[in-house]
Structures are given as C-alpha cells and as structure tokens.
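Below, each chain spelled out in residue letters.
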Amino acid sequence: MNLLFTPLTIGNYPLKNRIIMAPLTRGRAIDNGSPNVLMAEYYAQRASAGLIIAEATAVSRDGLGWLNSPGIYTEQQQKGWKKVADAVHREDGRIFVQLWHMGSAVHPDFLNGELPFSSSAVKQQGSLKTPKGRDREFVTPQALTKPEISRIVGDFAKAARKAIEAGLDGVEIHAANGFLIDQFTRDSVNQRNDEYGGSVENRLRFMFEVVDAVCEQIGSDKVGIRLSPTNSVWGIKDSNPSETFISAVKKLNKHNLAYLHVLEPKPSDGSLYLTPEMRKHYQGNLLINGAYTKESANDALENKEGDAVTFGNPFIANPDLVNRFKTDAELVMPDSDTFYTDSAKGYTDYLPMDI
C-alpha cells in the first residue's frame, strides 16, 4: 500500500494525502513584498498537495532581507495573501504560510543602512542579493535588547493573526536554516550571558516565547514549526545538537501543535542524523523533508519515520506532482535559472501532464 495517498489530520484539518508542498522562496512578490495574482495562480496550480506550506514570509520590515520575498506585516501584503488563500481554496486545497525573521542575514541595504538584529553580535558566513547588487556579504549585527526581543515576539503573533484573517489555514514558524530563531537556538551564534543565552533552556527561550505568542493568537491547532537540527548553512552549528534539539522536541509536545516539520536529509557518510531520535520523542504529527523520492518517501512512512513527507524542488516543475506520483509518470526537471526571477517563466508555465 502506498501510504502517500492516504488521508491525515493536521490540527483540525483533514488532508487528502500525505504529499506536502514544502516552503520555497521564489522572489515573485515584487510590489513591496505583497503577494500578487501570479503567486495566487502558482499556489492554486499545486492545490492537490495534502497541504501547501507557502514560502518564508517576513513578520516585520527589519526581518525581510531576501529580494522580492513576501511579508505579512502591512495591510497591502495581507490583502495579497487573501488572493492566494482564496485561489487555493477554490481548488479545494489547504495552505499554511511560513513566518520568518531573517535576523543577521538581512543586509543593511534592506534597512536604509541600519544594522540587522541577531541574538548576538556574531557575523554569519555568506551573502545574498540586495537592492544594490549581488553577493553582498552579511555584516556583524547588533544584539537584540530585551525590549526588542519582546517586540519581535509580538511581530510573529501579529503576523499569525493577519494570516488567519486573510483566510490562510495556519502558519509555520520558521525556526530553521540559520535565521533569527535558529540564531538564538544554536550556540555558535548565541553568545548571550542573560536568560536568552548559555544553557539549552535559555537558548530555546526565544523560540518558545514565539510559539506561545502565536498559539495564543490563533490556536495551536493552526500552528506548525520547522527545525533543521544538522543544517550548517552559513556556518551555523551547535556544540551538542542532540541535546539542544531533543530538548526542543520534548518541550514542543506540551503545545499540541498541528505538526513539527524537520528538514534533515539522510546522510550517506554516517554523520549525525537526528530525525529518528526526534521521532521517538515527538508525540504529534511529524513532517519530514530531505530530498525524498516517491519510493523513499513511502518507505519512510511505512517505517513510521514520519507522518507525512514534504517535497520542495519536485513541486516547482510539477504542479501536478500528486497525480504524477499516482501514475508513476516521469517528473519534469525545473530550470534553476528561473528560481528567483520575477516573471511567469519557470513559475506558472509548467504544465500538468496530459491525461
């Protein structure tokens, strides 16, 4: 039996299958970070997924540092997300949006020259395209003060409320991939000596203040969270990832979330792989992500490694990915040159297969 096509309940939502569209930044929100008709069409094309987790979306102006990525902190942006939600629902789909603050990965070019924020004044390795040019290196950020931390926690809560009011079905808190929450969680970046730094419990404090605030705003059944325990993007790491992330998972159990989403490809070299241990300790729905194929995803479900599997790149060029999996059809390979452009090419012009 192929478990990918069996139903699953996420929060209070019955899903038609366990093939989840992972969040994918595509850079099409070209009007002040507002979702547009093109984005609504793109997500509606992929509504056969059991659940769409829409792309990383900034909760505040100072958290937005990816060119033409969306936000959800203005009325215009909220209206744009309503267009997306309505389009997906017309196709009988479900959609959450991923809430994001990039922290020190925001270049000053996005902030009128001001420094970005992080847990500590620690520069991460890397660069991103900015309004002033390509490959602008990250800078040393300013450490957040306690009032600023409280303000950002509030920004996450307000963004969650705006998402639900826009008609989206829920939100995913982005606590992965070296962005702000991860910059508090992992001790290569978090060098604080107050109640937000040092011990694992302290470093997880910011994450759980965000989780608490978002759940209070919209209900835990509409909230997911994404973690990437062994991802070393931009040089971020943790001295004891097992202790840190298993502690996080145990604490998450108390919140009765819609799901926990773990990004962690299975290593082939015997290096650390925490998803199985996280699975042992997490009592809710576990979504797993990590370059799965149809076959490896079904094997993972049969082995109870997760409750659903999220697919990223395959959904880019295969809007009908669910149907292609059902019929064992060949998958189209996406054009990576169009991943972050601003037009329909390589975005909404991938056609479903002839039936």
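See the structure printed just above.
The structure reproduced in this document is the subject of the present report. No experiment lies behind these values; they were computed from the predicted model shown.

Some points on the overall build of the protein chain
- On a plain count of helices and strands, the protein chain comes out with eleven helices and 14 strands.
- Expected size for 355 residues packed as a compact globule is a radius of gyration near 20 Å; at 19 Å, the protein chain falls within 12% of this value.
- Oriented by its inertia axes, the alpha-carbon framework of the protein chain measures out at about 60 × 45 × 40 Å.
- Counting over 355 residues, the protein chain shows a buried share of 58%.

A short note on the sheet that holds strand β14 (residues 308-311)
- Spatial strand order, β3-β4-β5-β10-β11-β12-β13-β14: eight strands in a closed barrel with parallel pairing. Averaged over all pairs of adjacent strands, the angle between strand axes in this sheet comes to 25°, irrespective of strand direction.
- Bridging between strand β4 (residues 51-58) and strand β5 (residues 95-100) involves six bridges; their strand directions are parallel. Residue pairing across strands places I53 opposite F96, the latter belonging to β5.
- Running over the sheet, helix α1 (residues 37-45) touches β3 (19-21), β4 and β5 and is turned about 150° from β4.

Description of the pairing of strand β12 (residues 259-263)
- Burial within β12 is extensive, with five of its five residues counted as buried.
- The side-chain alternation of β12 yields two buried faces, one formed by Y259, H261 and L263 and the other by L260 and V262.
- Chirality of the crossover, the property in question, places the unit of strand β11 (residues 223-227), helix α7 (residues 241-252) and β12 among those that are right-handed.
- As defined by bridge partners, β12 adjoins strand β13 (residues 286-289) across four bridges and the pair is classed as parallel. Looking at the pairing, L263 lines up with N289 of β13.
- At this point the chain moves from β12, through helix α8 (residues 275-281), to the parallel β13, and the crossover so formed is right-handed.

Some remarks on the packing of aromatic side chains
- For the structure shown, the criterion picks out 13 aromatic pairs.
- Through pairs of rings, three or more aromatic residues link up here, namely W66, W100, F138, F179, W234, F339 and Y340.

Quick notes on unusual backbone geometry
- Positioned with a positive phi, N68 is a non-glycine residue whose angle comes to about 65°.
- Mapped onto the secondary structure, N68 falls in the loop between β4 and α2 (75-90).
- The class of N68 is partly exposed, set by a relative accessible area of 26%.

Side note on the side chain of S118
- Within the secondary structure, S118 is located in strand β6 (residues 117-118).
- At 2.7 Å, the side chain of S118 forms a polar contact with the side chain of Q183.
- When sequence neighbours within four positions are dropped, the list of residues in contact with S118 reads S104, P141, Q142, A143, L144, L180, Q183, F184 and V189.

Notes on the environment of Q283
- Within the element layout of this structure, Q283 appears in the loop between α8 and β13.
- Looking at Q283, the relative accessible area reads 70%, which means it is exposed.
- Residues Q283 and I72 lie 211 residues apart in sequence; the distance between their C-alpha atoms is 30 Å.

Comments concerning the packing of helix α3 (residues 146-165) against helix α6 (residues 205-218)
- Viewed as axis vectors pointing N to C, α3 and α6 meet at an angle of 35°, and their least axial separation amounts to 8 Å. Regarding α3 and α6, the two cross each other, and that crossing is right-handed. The residues of α6 that touch α3, namely those facing I149, I152, V153, F156, A157, A160, R161 and I164, are F206, E209, V210, A213, V214, Q217 and I218.
- In terms of residue class, the contact of α3 with α6 is made up of twelve nonpolar, one polar and two charged.

A look at α2
- Along its 16 residues, α2 runs 23 Å from first to last C-alpha, staying within 8% of the 22 Å computed at 1.5 Å per residue.
- All of the buried residues along α2 are Q77, Q78, G80, W81, V84, A85, A87 and V88.
- On its buried side, α2 packs onto α1, β4, β5 and α3.
- Where α2 terminates, the next one or two residues include D92, which has phi positive at roughly 65°.

So, the pairing of β5
- Most of β5 is tucked away: six of the six residues are buried.
- Covered by surrounding structure in β5 are I95, V97 and L99 together with F96, Q98 and W100, the residues of both alternating faces.
- Once you follow β4 into α2 and on to β5, the crossover reads as right-handed.
- As judged from the four bridges shared by β5 and strand β10 (residues 170-174), these two strands associate in the parallel manner. Opposite F96, over in β10, you have G170 as the bridge partner.

Description of the pattern of salt bridges
- Within the structure shown, the criterion is met by 17 salt bridges.
- Residue D182 pairs with R186 through a salt bridge whose shortest N-O separation is 2.8 Å.
- Given the relative accessible area of 1%, D182 is considered buried.

Observations regarding the side chain of S60
- Looking at the secondary structure, you find S60 in the loop between β4 and α2.
- When its relative accessible area of 6% is taken as the criterion, S60 is described as buried.
- In this structure the side chain of S60 is engaged in a polar contact, spanning 2.8 Å, whose partner is the side chain of D62.
- Those residues within four positions of S60 in sequence are excluded, and the remaining contacts are Y73, H101, R151 and D155.

What counts and how
Residues numbered from 1 in each chain as written. Predicted model: local features only at pLDDT ≥ 70, side-chain atom pairs only at ≥ 80, totals over all residues. Heavy atoms only, no water. Helix = DSSP H or I, 4+ residues; strand = E, 2+ residues; numbered from the N terminus. Rg over C-alpha atoms; globule rule 2.2 N^0.38 Å. Buried < 20%, exposed > 50% of the residue type's maximum accessible area, 1.4 Å probe, protein only. Pairing = 2+ DSSP bridges. Axes fitted to C-alpha atoms, helices over the stretch in contact; angles between N-to-C directions. Contact = heavy atoms within 4.5 Å. Right-handed = clockwise from strand over helix to strand, strands pointing away. Phe/Tyr/Trp six-rings, centres within 6.5 Å; stacked < 30°, edge-to-face > 60°. Polar contact = N/O pair within 3.5 Å; in protein donor to acceptor, adjacent residues only side chain to side chain. Left-handed = near helix turned anticlockwise from the far one by under 90°. Nonpolar A, V, L, I, M, F, W, Y, C, P; charged D, E, K, R; others polar. Expected span 1.5 Å × (residues − 1). Salt bridge = Lys/Arg side-chain N within 4 Å of Asp/Glu carboxyl O.

Keep in mind these numbers describe shape, not what the thing actually does.
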